Each structure stands twice: as structure tokens, then as C-alpha cells.
Amino acid sequence: MEQRTTEKDSNYNHLEQMPLREILQNINKEDKTVPDAVEKAIPQLEKLAAATIEKMQKGGRLFYIGAGTSGRLGVVDASECPPTFGVPFDWVVGIIAGGDPAIRKAVENAEDDEGQAWKDLGQYNISPKDVLVGIAASGSTPYVVGGLQKANEAGLITGCIVCNAGSKVAAEAKFPVEIITGPEFLTGSTRMKAGTAQKLALNMLSTSVMVLLGRVKGNKMFDMQLTNHKLVDRAVRMIVTETGLNEEKASELLKKHGSVRNAVAYASFTDEKTISK
């Protein structure tokens, strides 16, 4: 049975009468409960991650769908995978109800169309090789429910990240992840605790998947895209650490080979002085 605890009345009242410090302290007090809620969902998250890894090892992709804050969080996680892990831009795809304009500005009634998510996914030639994860704090968003239903009919692996127990979204997902965050400081504002929980779960999902797909070496982002000076400097230091070369030579190899992984591989199979780390 659906229990929409995210919609329950806040544990606090008369917010407008609180001193600023008290408002901040109370928000922080509520936020501290989120990691514990996420921890309880780790067994569910592990099952979803394992299924995702298996599909992506065989050439599948990971898709997120959601509306509002949930949709934006999916877009954020997907968009950070290419620069962080050096993967193609279509490996992890985030889709928000209402399309890209909804990232910045709410699109009226976009989340209420049960058929639209599958139409949006159709633009990417989605297939049974892929994984679809619905993100919905309430667990009742029609856009997400409908998308998961169609994905199940098409034979995809489906998962979800929701913040209420017994939701419609979780019922449609083969691998549901339910993170019960409870009432918000500001009643019903699921961009707060629920949004934080979803962000943590997405971090865990995408990072664990990429680690086990071989996109990390040690604890370093060996395949990161070199999109600014900070990342170039970091890459040079990584090459120095892995090979024992000086910064000048490491920088030359990075410019020549375009990534930390390729530079280190080149150094390891040439006469360059290397030090095993």
C-alpha cells in the first residue's frame, strides 16, 4: 500500500517566525537523517547496479527519466558521466518531462502524460539491451509510471529511485530502490531531503557501475575528459604518480596521447623510465 510520507506535515511549524539560525539548524537536522535512509536501501541499490553492469557490459545503455527536481537530478548525473569517466555521451542519458527547457523552467502538466516518456525514449532507439531507471520522489509521477510500463512490455531491465514506500513507480520497476526520507522541513518540498537522497543514490549507482566497467584505476579518474586547466594539471600529476616521470615529460605524453590511461600505457610499453605503483 502506498504511503506518501513525503507529503506528511513538517515536524516544524511557524517557519516564518523562526530566527535565521534556527531555520538553518533545523534544515541541517533533517538533512542528517538522509544518509541513514540511503544506507537502508543499499541492498536494493546493489541489485539495480548489478543488473545495470551486466547490461552495459553487453553494450547496453543507462537511461533516467523523471519530472521536476527528480528529472533534473537524472540529467545532472547523466551529463557528468562523460567528463568524469570518459564514456560516450549516449552511454548514460537523462530525460526530463517537458524536454530540455524544463531543466530551467517548469513545463505545465508535463509530468501528467503517461505516454510521453516512451515517446521521448524512442528518439534514442531504446531496446531490450538497455536499462531504464525512473526517478520520482513521490513514486506516483504518471510520466515515470507510463515509461516504466512500456519499458517492461518491451523487455527492458527497469529500476527506480523513489522516496515513498509501496508506490506505483516501485510496483512497475523490476529493481525498485525505496529511500524513505519522511516529511520535509518545508511540507511537501521534495527538492530538499528527497532530492538529496536521490542525488546520493544516483552518485552511488553511476559511480559503482563505472568503477566495475573499468573506467577507474586505483582511486583515480583515468579516463576523465580534459576540459579545463585544473583537470589537465590533475592528469599530469596522475601520470607522474603512475610512471615516475617528471611533470614536463608527463605533460608531453598527455598532450600526445590525450588521456591519462593512454599516456600511462604508452610509458609502460616504451623505454621511458617507469616506476611501478
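(A) Spatial organisation of unusual backbone geometry. Positive phi, normally seen in glycine, also occurs at His14, with a value near 55°. Within the fold, His14 resides in the segment before helix 1 (20-31). A residue is classified by how much of its surface remains accessible, and His14, at 43% relative accessible area, is partly exposed. The residue Asn125 is not glycine, and still its phi comes out positive at about 50°. Within the element layout of this structure, Asn125 appears in the loop between helix 6 (116-122) and strand 3 (131-136).

(B) Focus on the packing of helix 10 (residues 229-243) against helix 11 (residues 247-257). Following both chains from N to C, one finds helix 10 and helix 11 inclined at 115°, their axes separated by 9 Å at the closest point. Put simply, helix 10 runs roughly perpendicular to helix 11. The chirality of how helix 10 crosses helix 11 is right-handed. Every residue of helix 11 that contacts helix 10 at Val232, Ala235, Val236, Ile239 and Val240 is listed here: Glu247, Ala250, Ser251 and Leu254. Its residues placed into classes, the contact of helix 10 with helix 11 shows seven nonpolar, one polar and one charged.

(C) Molecular detail of the sheet that holds strand 2 (residues 92-96). Taken in spatial order, the five strands make up an open sheet running 2-1-3-4-5, and their pairing is parallel. Here the strands that pair on one side only, and so sit at the sheet edges, are strand 2 and strand 5 (175-178). Neighbour to neighbour, the strand axes of the sheet diverge by 15° on average, direction disregarded. Relative to the sheet, helix 4 (residues 68-85) contacts strand 1 (62-66), strand 2 and strand 3, its axis offset from that of strand 2 by approximately 155°.

(D) Highlighting helix 12 (residues 260-268). Residues Val260, Ala263, Val264 and Ala267 constitute the buried set of helix 12. The arc that holds every buried residue of helix 12, seen down its axis, measures 95°, which confines them to one face. In this structure, the buried residues of helix 12 make contact with helix 10 and helix 11.

(E) Looking closely at the layout of surface pockets. In this structure, the largest pocket occupies an estimated 310 Å³ of space. Forming the boundary of the largest pocket are 16 residues, of which Val93, Gly94, Ile95, Asp100 and Tyr124 lie nearest the centre. Those elements that place two or more of their residues in the lining of the largest pocket are helix 4 and strand 2. Ranked by residues supplied to the lining of the largest pocket, first place goes to strand 2 with five residues. In the lining of the largest pocket, the residues fall into ten nonpolar, four polar and two charged.

(F) Focus on the environment of Val144. Here Val144 lies in helix 7 (residues 142-153). Note: C-alpha distance between Val144 and Val169 (25 residues apart in sequence) is 6.9 Å. Among residues more than four places away in sequence, those in contact with Val144 are Ile65, Gly66, Gly134, Ile135, Ala136 and Val169.

(G) Here's a closer look at a negative patch on the surface. On the surface, Glu111, Asp112, Asp113 and Glu114 cluster together into a patch of negative charge. On the basis of relative accessible area, Glu111 is assigned to the partly exposed category, the value being 36%.

(H) Representation of the pattern of salt bridges within the structure. Overall, the coordinates contain nine salt bridges when judged by the stated rule. A salt bridge links Lys217 to Glu242; the shortest N-O distance between them is 3.2 Å. Note that Lys217 is positioned in the loop between helix 9 (193-212) and helix 10 and Glu242 in helix 10, a separation of 25 residues in sequence. Given the relative accessible area of 35%, Lys217 is considered partly exposed. When the shortest N-O distance is used, the salt bridge between Asp223 and Arg261 registers 2.7 Å. Taken together, the residues Asp223 in the loop between helix 9 and helix 10 and Arg261 in helix 12 connect sequence positions 38 residues apart. For Arg261, a relative accessible area of 28% gives the class partly exposed. Members of the salt-bridge network, linked through shared partners, are Arg215, Asp223 and Arg261.

(I) Structural detail: the side chain of Lys193. In this structure, Lys193 sits in helix 9. Every residue in contact with Lys193, bar those within four places of it in the chain, is listed here: Glu30, Asp31, Thr33, Val34, Thr181, Gly182, Pro183 and Glu184.

(J) The arrangement of the state of the cysteines in detail. Taken as a whole and assessed by the stated rule, the structure comprises zero disulfides. Here Cys81 is not cross-linked by a disulfide; its sulfur's nearest cysteine counterpart is in Cys160, at 19 Å. For Cys81, a relative accessible area of 2% translates into the label buried. Looking at Cys160, it has no disulfide partner, and the nearest cysteine sulfur is the one in Cys163, 9.9 Å off.

So, how was this worked out
Residues numbered from 1 in each chain as written. Predicted model: local features only at pLDDT ≥ 70, side-chain atom pairs only at ≥ 80, totals over all residues. Heavy atoms only, no water. Helix = DSSP H or I, 4+ residues; strand = E, 2+ residues; numbered from the N terminus. Buried < 20%, exposed > 50% of the residue type's maximum accessible area, 1.4 Å probe, protein only. Axes fitted to C-alpha atoms, helices over the stretch in contact; angles between N-to-C directions. Parallel < 35°, antiparallel > 145°, perpendicular 65-115°, else oblique. Left-handed = near helix turned anticlockwise from the far one by under 90°. Contact = heavy atoms within 4.5 Å. Nonpolar A, V, L, I, M, F, W, Y, C, P; charged D, E, K, R; others polar. Pairing = 2+ DSSP bridges. Arc of directions from axis to C-beta. 1 Å grid on protein atoms, 1.4 Å probe; cavity = no way out; pocket = protein on both sides within 12 Å on 5 of 7 lines; lining within 4 Å. Points joined across faces, edges and corners; volume = space filled by probe spheres on them. Patch = residues over 30% accessible without salt bridge, like charges linked within 9 Å, V, L, I, M, F, W, Y side chains within 5 Å. Areas by Shrake-Rupley, 256 points an atom, 1.4 Å probe, with all protein chains shown as cover. Salt bridge = Lys/Arg side-chain N within 4 Å of Asp/Glu carboxyl O. Lys, Arg positive; Asp, Glu negative; His and termini not counted. Charge placed at Lys NZ, Arg CZ, Asp CG, Glu CD. Disulfide = S-S within 2.5 Å.

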